[in-house]
Structure formats: structure tokens, C-alpha cells
Amino acid sequence: MAHVAHESHPEIVNRLKRAEGHLRKTIGMIEAGRSCLDLAQQLHAIEKAVAAAKKTLIHDHIDHCLAHASDGDPAEARQAVSAFKAITKYL
């Protein structure tokens, strides 16, 4: 299946850029000798931001695949279902 730009992609990019900023900040905190509690809080925020971006991407992709699977062409429907099955391993 060809790559499709989804409406959610700009939102995902923004989430990942925020996570990137958190990651840079956390690296600086480690280098500055900040407490493990502070570092754990920042790492938790990074994990949550990346997980939210992944969830948005996968849900949008699933919506797109399911919509196209019902368009009628059996070959395209099989391809869409195959793509759906492939992406679910990342849930």
C-alpha cells in the first residue's frame, strides 16, 4: 500500500517535536547532575508524548484502511486488511 499523508500528520509532528524538546532538556538535566526523580519525570513525559503520537498515527491509519477496504475492489480490500494486520503489531 502506498504512503498516504493523513490529516493527523501535522499533529503527530508537533507531538514529536515536543518530545524532542523534552529529550534535549532531559539530556541537559543529566549532564547538569539533576536528581533521578526529576529525570524520571521528564522521561515519563517523553514516553507519554511518543506513545500519544504513535496511538494517533495507528488509529488514523486504521480508520483509513477500513474506509478503503469497504470501497468494493476485493484486491484493494485484501491489501488494506493486510496493512491493518501489519500495523496492529505496534499497538
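In what follows, the structure referred to is the one given above.
Residues numbered from 1 in each chain as written. Predicted model: local features only at pLDDT ≥ 70, side-chain atom pairs only at ≥ 80, totals over all residues. Heavy atoms only, no water.

A. Helix H1 (residues 9-31), seen in detail. Taking 1.5 Å of rise per residue, the 23 residues of H1 would be expected to cover 33 Å, and the 33 Å separating its terminal C-alpha atoms lies within 8% of that figure. Among the residues of H1, His9, Ile12, Ala19, Thr26 and Met29 are the ones counted as buried. Of the residues one or two after H1, Gly33 is the one with positive phi, at around 80 degrees. (Helix = DSSP H or I, 4+ residues; strand = E, 2+ residues; numbered from the N terminus. Expected span 1.5 Å × (residues − 1). Buried < 20%, exposed > 50% of the residue type's maximum accessible area, 1.4 Å probe, protein only.)

B. Structural view of the side chain of Asp60. Its place among the elements puts Asp60 in helix H2 (residues 36-69). Of note is the side chain of Asp60, whose polar atom sits 2.6 Å from the side chain of Ser8. When near neighbours in sequence (up to four residues on either side) are disregarded, Asp60 contacts His6, Glu7 and Ser8. (Polar contact = N/O pair within 3.5 Å; in protein donor to acceptor, adjacent residues only side chain to side chain. Contact = heavy atoms within 4.5 Å.)

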